[in-house]
Amino acid sequence: MTTPIRVAVTGAGGQIGYALLFRLASGAVFGPDRPVALQLLEITPALPSLNGTIMELDDCAFPLLAGVKASDKPEVAFEGADWVILVGGLPRKDGMSRADLIRANGPIFTGQGKAINDAAGPDVRILTVANPCNTNALIARSHAPKVPADRWFAMTRLDQNRAASQLAQKAGVPVASVKKMTIWGNHSDTQYPDYKNAEIGGSPAPNVIGDDAWFADTFIPTVAKRGGAVIKARGASSAASAANAALDSVRSLFVPTPAGDWFSAGVVSDGSYGIPEGLIYSFPLVSKGESRWSVVQGLPIDDDARKRLDASAAELASERDAVKDLLGPAA
Ligand code: NAD
Ligand code: LMR
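Residues numbered from 1 in each chain as written. Chains lettered and ligands numbered in written order. Predicted model: local features only at pLDDT ≥ 70, side-chain atom pairs only at ≥ 80, totals over all residues. Heavy atoms only, no water.

With respect to the UniProt feature "binding site: substrate" (unreviewed entry) in the protein chain
Short version of the rule: UniProt positions are given in the numbering used here, feature names are shortened, and annotations may be inferred rather than shown by experiment. Runs of H or I in DSSP of at least four residues are treated as helices and runs of E of at least two as strands, each being numbered from the N terminus. Should any heavy atoms of two residues lie within 4.5 Å, those residues are counted as being in contact. Classification of residues uses two cut-offs on accessible area relative to the type maximum, computed with a 1.4 Å probe and protein chains only: under 20% is buried, over 50% is exposed, and between them is partly exposed.
Cross-referencing UniProt, the feature "binding site: substrate" (unreviewed entry) maps to R92, R98, N131 and R162 in the present numbering. Structurally, R98 can be placed in the loop between strand 4 (83-86) and helix 4 (102-105). Setting aside residues up to four positions removed in sequence, R98 forms contacts with R92, N131, P132, R162, H187, S188, D189, A224 and G227. Relative to the helices and strands, R162 is located in helix 7 (residues 157-171). When its relative accessible area of 10% is taken as the criterion, R162 is described as buried.

A closer look at the side chain of T128
Inspection of the secondary structure assignment puts T128 in strand 5 (residues 125-128). Under the relative-accessibility criterion, T128 is labelled buried at 0%. Leave out the neighbours within four places in its chain, and T128 touches L86, F109, C133, N136, A137, F153, A154 and M155.

Quick look at the pattern of salt bridges
Our working definition: A side-chain nitrogen of Lys or Arg and a carboxyl oxygen of Asp or Glu constitute a salt bridge if their distance falls within 4 Å.
Summed over the entire model, instances satisfying the criterion amount to 13 salt bridges. The partner of D325 in a salt bridge is R103, and the shortest N-O contact between them spans 2.8 Å. With D325 in the segment after helix 12 (303-322) and R103 in helix 4, this pair connects stretches of sequence that are 222 residues apart. Here D302 makes a salt bridge to K196, at a shortest N to O gap of 2.7 Å. Here the residue D302 occupies a position in the loop between strand 14 (293-295) and helix 12, and K196 occupies one in the loop between strand 9 (192-194) and strand 10 (199-200), the gap between them amounting to 106 residues. D302 sits in the partly exposed class, given a relative accessible area of 34%. Its relative accessible area of 30% is what places K196 among the partly exposed residues. Each of K196, D302, D304 and R308 takes part in a single network of salt bridges with overlapping partners.

Some details on the domain arrangement of the protein chain
Rules: Boundaries of every domain are those given by an automatic assignment or by a domain database. Throughout, buried area stands for the accessible area (probe radius 1.4 Å) lost by two parts on being put together, summed over both. For the purposes of these results, a polar contact is taken to be a pair of N or O atoms within 3.5 Å, where, inside protein, one atom must be able to donate a hydrogen and its partner to accept one; residues adjacent in sequence count only when each atom of the pair is a side-chain atom. Gly counts as polar in this scheme, as do all residues outside two lists: the nonpolar Ala, Val, Leu, Ile, Met, Phe, Trp, Tyr, Cys and Pro, and the charged Asp, Glu, Lys and Arg.
Along its sequence, the protein chain is carved into domain 1 (5-154) and domain 2 (156-322). Relative to domain 2, the C-alpha centre of domain 1 lies at a distance of 23 Å. The interface is formed by 38 residues belonging to domain 1 together with 44 residues belonging to domain 2. When the two sides are added together, the surface that domain 1 and domain 2 hide from each other amounts to roughly 3,200 Å², 61% of it contributed by carbon and sulfur. Taken as a group, V29, R98 and N134 account for 19% of the area that domain 1 buries against domain 2, more than any other trio of residues on that side. Summed over the shared surface of domain 1 and domain 2, the number is one salt bridge. Linking K232 and D94 is a salt bridge whose minimum nitrogen-to-oxygen distance equals 3.3 Å. The interface formed by domain 1 and domain 2 includes 15 residue pairs in polar contact (both at pLDDT 80 or more). Looking at the side of domain 1 that touches domain 2, the elements with two or more residues in it are helix 1 (15-26), strand 4, helix 4, strand 5, helix 6 (133-142) and strand 6 (152-154). Class assignment for the residues of the side of domain 1 that touches domain 2 results in 23 nonpolar, five polar and 10 charged.

Here you go:
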């Protein structure tokens, strides 16, 4: 039998966890030939209810599910992991910004970063979902000096999917016609969903939609503030769409990117597009498969886009300053 891919998920007993685990176990991410072993982390009081979810996983009889273990110790949950999906942490409530979660959630990522460093597998990849996800990823990475920079991701795929959906609805076309949807920057209101470099049916999105005011006045704020709108409507933060985006993020890294497209994720900036090195910033990416990725280079950035890219970088730099006391030796 092929060696199972070992996927650790933190906050596995929460809303997103419940929408994530069954699809991971079904083969939806790593394909029909790759068994998956799940290694779940929860805080101690949540372990009994997580046990109920594990019973349900058993009851699905997924042929590809090669094992499930649960723990309240990060070094146990991360042992030998090929992927670590960091979901555990508080979600925001109506009226809060994601950055308001920094002091509550940031400290979680010091210990979990160390445990990734000490216990995860040699090729581990880490996707941070818990908010504020770019800065939580920065904190975790700073405590994991053994783990190379290209292994760390923060989730902006939900923003990418939201942006593609808004463009498709406006153009009256299926969402699959939308390609090259970049989210630049932070998973926050300062993100820039780059409609100018996006394509609809192979043509530039602005030409297809032909309504410049709509992009600035409606599209950008709708995408950037969608998380808050979902919280207001649902009374809880997005969960199924967030889990879906996490799975999309991992799959887009795991398989080669189709020609004529790219995808978005927060990665450690190497200075591309003038973004300060070391910030975890969302860029357009392509993958060669097996999580070997690169930043798409040479996209045109006009003055308006430049201001937006820089504003999001400045926000990330100030979030980094706000958690200086939580940063470890690899900061
Ligand atoms: P939730 O409250 O339903 O679940 C979170 C789970 O994390 C809980 O079960 C909790 O017990 C667990 N947890 C808390 N501290 C932990 C720790 N130290 N170790 C392990 N587990 C821990 O919340 P949710 O709706 O699943 O959201 C989880 C996080 O994801 C939130 O921070 C939310 O803001 C974020 N989120 C991010 C995106 C994104 O696009 N990046 C989208 C949606 C939600
Ligand atoms: C989202 O974008 O839906 C999540 O980040 C949750 C939130 O707080 O907005």
